[in-house]
Amino acid sequence: MRSVGLALRWVFGNWTVALGLLLMAGVILMALSAPLVFPRSPTAMVGPPLQWPGARPGLPLGTDAIGRDILAGIFHGARISLMVGFASVSVALVFGILVGALAGYYGGLVDNILMRTTELFQTIPQFMLAIVVIAVLGPSINNIIVSLAVVSWPPVARLVRGEFMVQRQKAYVQGCIVLGMRDPQIIFLQILPNAMSGVVVMSTIMIATAILMESALSFLGFGDPNVLTWGTMIGLGRNTMRDAWYIMAIPGFALLLTALALNLVGDGLNDLLNPRLRSQRGTR
Amino acid sequence: MTTRPLRPPLYRRVPLGFLLRRLVYGALAVLMIAVINFFLLQLAPGDAAEALAGQAGTADPEYLARLRAQFGLDQPLWRQFLAFLMRLLTLDLGFSYRLNESVAVLIFARLPATLLLMVTSVGVALVFGIVLGVTAARFANRMPDRLISIFALLLYATPPFWIGLMMILVFSVWLGWTPTSGMENVLAFNTGWDRVVDIAHHLILPATAQAGFYLAIYVRLVRAGMLETLSLDFIRVARAKGISETRIAYRHALRNAVLPLVTVVGTNIGGFLGGAVLTETVFSWPGVGRLMFDAMFARDLNLLLSILVLSSVFVVLTNIVVDIVYVIINPTVELK
């Protein structure tokens, strides 16, 4: 009961969190309803090209340079953005947690090998590595997810490793060992739940970063050529910047709101899960 | 009893053994990255010969074979790998057949543009990040803090390349204050001071766009670090001594609050060689990131690999510098 009350207070006592959740609900709703509201493909031509928003009934956000409905593109783009964000971060979390947990729990040689490998991944600039991975695998949605996961897992591994090194010294872990529990049991059932709060906070911010990186890759032309994403729309709109700047402005705004929502929720989660920091907020 | 100096000189606090070990580790890491990427890029579809033939508009197999023989692409993989390793060990970056120029010359021709963009944008972001972060922390949960935090949050959530595009729209297309792209007006044949002014004029938008991207992170880091430091006892002592709030913030607290910032700035500088590819693309800035991007599309793998290796060297070196800066800023940090 107490935790429910705390969660409710968390949402309503904090307008930033409420705003974040509201925005996020909006984006998720757009993503889910896209095939119902706009059953036609977002790449289909629906009207004359370069119609300004509001200029024509039925096309509230206008059309792009070849007459595609921008609102349909925004709805379907939300699907892609969220899907890529969630999927790539999930893969990165599984991998990062696994590596970090093993390194932190066993220490010694295992730790050394795993952490050196992690550092290796961090020695190539993130965005560069993502581009190279896509160049090797070829541009498709699945490969973008893989490439984003490849560049996002190292910070997770480092965070989880740090947590595990602290938890490993605690009495309850010694107790588990004495009780004769197996290592996987201790790692995943006993320690991991205690090490998750940092990961939860990190993951919302990671989703935002992944969505922004996906848009950047699409913008540069490394995206899936068969899919219209927000980043692709910005890249195409750039060519008609002088006559029809709204084409490039609208998807950027959608990206901004999505990333903002995730960051607001992440900040709220941080306050909720790390009360130590919350108490410092008011100090001067 | 001997009196120890309060702070031993820097060379004592950065042991030679530490530097040597870090350099050896770094060299090994760079070698590993080079080797892994060599094989990774072999898996990529297409090669330079195909890309070149595609540009020339032919698919004549004889022409392709001749190109491959010329580039050494007809050799077995292990021979290519050995040649690559030999070049790496002799610090020879090789030759780009596509651009008919040695890779080293190509990269170094692009380096000044990238360095200029890096120094300006990181510098601007640092100054504003520190001032805004410190101000936010001093007025925590009051109006200045609210405004700065919202600004930082919005900046953090905005796609950086989109900010650049919108800035071009507003400042170049609508207002006509700045040029839309490039680094200088080459047709004007400016020399001396005129050229400096011209380049600075071209630099304003890209540097601001890139700085905005860093600024969002710096403000939040400085604010968090300052909040933590300002609650410590030594700050209370400083207040009791009657030192002005501004002096306390910038002279006493900041030094203790910026260590996380140093790490992030190091990462940003280390990643800059290829990391500015977005800004360089948006503003047609003739830097290394742009070169990498073009090399990627043209399958100029040798050039691409060289930029990757160089950029990892850059990361390794900045990481070492970051550790030394730690020691300079905070004398209690010990390097082992």
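### Observations regarding the overall build of chain B
Helices and strands together make up the secondary structure of chain B, namely 16 helices and 2 strands. The principal-axis extents of the C-alpha atoms in chain B amount to approximately 85 × 65 × 40 Å. For chain B, the residues scored as buried account for 35% of the 336 residues in total. Looking at chain B alone, contacts between residues at least 24 apart form 71% of all its contacts between residues at least 6 apart.

### Observations regarding the overall build of chain A
Within chain A, the regular secondary structure consists of 11 helices and 0 strands. When the helices and strands of chain A are read in sequence order from the N terminus, they spell out α-α-α-α-α-α-α-α-α-α-α. With the C-alpha coordinates aligned to their principal axes, the bounding extent of chain A is approximately 75 × 50 × 40 Å. Scored against the burial criterion, the 284 residues of chain A give a buried share of 45%. Sequence separation of 24 or more characterises 68% of the internal contacts of chain A that already satisfy a separation of 6 or more.

### Digging into the confidence of the model for chain B
Summary statistics for chain B give a mean pLDDT of 84 and a share of 95% for residues scoring 70 or more. Model confidence for the complex is summarised by a pTM of 0.88, with the ipTM given as 0.86.

### Points about the interface of chain B and chain A
By a widely used convention, the size of an interface equals the accessible area lost when the partners come together. Between chain B and chain A, the residue contacts involve 41 residues of the former and 37 residues of the latter. The set of elements that each furnish at least two residues to the side of chain B that touches chain A consists of α2 (16–42), α7 (143–157), α8 (160–174), α9 (192–230), α13 (272–275), α14 (277–282), α15 (288–297) and α16 (301–329) of chain B.

### What to know about the nonpolar core
The nonpolar side chains of a soluble globular protein tend to be buried, and buried together. A130(A), V222(B), M292(B) and I307(B) are the most contacted members of the largest nonpolar core, which totals 155 residues. Leaving out residues up to four positions away in the same chain, V222(B) has contacts with G129(B), I130(B), G133(B), V134(B), A257(B), V258(B) and L261(B).

### Things to note about unusual backbone geometry
All names here are of chain B. Even without being a glycine, N141 presents a positive backbone phi close to 65 degrees. In this fold, N141 is placed in the loop between α6 (103–138) and α7. Unlike most non-glycine residues, S284 shows phi in positive territory, near 45 degrees. Considering the arrangement of structural elements, one finds S284 in the loop between α14 and α15. Judged by the 15 C-beta atoms lying within 10 Å of it, S284 falls in the partly exposed class.

### Examining the confidence of the model for chain A
Averaged over chain A, the pLDDT score is 87; the fraction of residues at 70 or greater is 93%. Counting contacts from residues 277–284 of chain A, a segment whose pLDDT is below 50, to residues more than four positions away or on other chains yields 14 contacts.

### Remarks on the packing of α8(B) against α9(B)
All names here are of chain B. Running from N to C, α8 and α9 cross one another at 145 degrees; their axes reach a closest spacing of 9 Å. For the pair α8 and α9, the crossing hand works out as right-handed. Residues P160, I163, G164, M167, I168 and F171 of α8 form the contact with α9, whose own contacting residues are L205, T208, A209, G212 and F213. For the contact of α8 with α9, the residue count by class is 8 nonpolar, 3 polar and no charged.

### A few points about the environment of L175(B)
Mapped onto the elements of the fold, L175(B) is located in the loop between α8 and α9. Separated by 64 residues in sequence, L175(B) and R239(B) have C-alpha atoms that sit 48 Å apart.

### Focus on the packing of α6(B) against α15(B)
Residue and element names in this part refer to chain B. Their axes nearest at 7 Å, the elements α6 and α15 cross at an angle of 135 degrees. The angle between α6 and α15 places the two elements in the oblique class. For the pair formed by α6 and α15, the contact residues are L106, I107, R110, L111 and T114 on the first element and V288, G289 and L291 on the second. Considered class by class, the residues forming the contact of α6 with α15 number 5 nonpolar, 2 polar and 1 charged.

### Considering α15(B)
Of all 10 residues that make up α15(B), 8 are buried, and the element is covered over most of its length. For α15(B), the set of buried residues is V288(B), G289(B), R290(B), L291(B), M292(B), F293(B), A295(B) and M296(B). Packed against the buried residues of α15(B) are α5 (126–137) and α8 (183–220) of chain A together with α6, α13, α14 and α16 of chain B. Residue R299(B) follows α15(B) closely and has a positive phi angle near 60 degrees.

### Brief notes about α6(B)
An ideal rise of 1.5 Å per residue puts 52 Å on 36 residues; α6(B) measures up with 50 Å between its terminal C-alpha atoms. At L111(B), α6(B) shows its largest kink, close to 35 degrees, and the proline P112(B) lies no more than four residues downstream.

### Observations regarding the environment of A109(B)
As for its placement among the helices and strands, A109(B) is situated in helix α6. Remark: the alpha-carbon pair of A109(B) and H201(B), spanning 92 residues in sequence, is separated by 21 Å.

### What about the environment of G107(A)?
Counting through the fold element by element, G107(A) comes out in the loop between α3 (70–106) and α4 (108–123). Taking the C-alpha atoms as reference, G107(A) lies 58 Å from A65(A); in sequence the two are 42 residues apart.

What counts, and where the lines are drawn
- Here the residue numbers are simple positions, counted from 1 along each chain's written sequence.
- Chain letters start at A and ligand numbers start at 1, both assigned in the order the entries are written.
- Given that the model is predicted, a residue must reach a pLDDT of at least 70 before its local features are reported, and side-chain atom pairs must reach 80 or more before they are shown or counted; all residues, however, enter totals for whole chains, interfaces and linings.
- Every helix listed is a DSSP run of H or I at least four residues long, and every strand listed is a run of E at least two residues long, numbered separately from the N terminus.
- Exposure is read from a count of other C-beta atoms within 10 Å of each residue's own; the residue is exposed at 12 or fewer, buried at 20 or more and partly exposed in between. C-beta atoms are placed from the backbone.
- Contact definition: two residues whose C-beta atoms, as placed from backbone geometry, lie within 7 Å.
- Scored between 0 and 100, pLDDT is the confidence that the predictor attaches to each residue.
- Remark: nonpolar core denotes a set of buried Ala, Val, Leu, Ile, Met, Phe, Trp, Tyr and Cys residues whose joining runs through C-beta atoms within 7 Å.
- The axes are straight lines fitted to the C-alpha atoms, using for helices just the contacting stretch, and the angles between their N-to-C directions are given from 0 to 180°.
- Crossings are classed by handedness, with left-handed meaning an anticlockwise turn of the near helix from the far one by less than a right angle and right-handed meaning a clockwise turn.
- Lys, Arg, Asp and Glu make up the charged group, whereas Ala, Val, Leu, Ile, Met, Phe, Trp, Tyr, Cys and Pro make up the nonpolar group; the residues left over, Gly among them, are polar.
- Here is the rule for angles: anything less than 35 degrees is roughly parallel, anything more than 145 is roughly antiparallel, 65 through 115 is roughly perpendicular, and the remaining ranges are oblique.
- The span one expects for a helix is its residue count, reduced by one, times 1.5 Å.
- Take the seven residues that end at a residue and the seven that start at it, fit an axis to each, and the angle between those axes is the bend at that residue.

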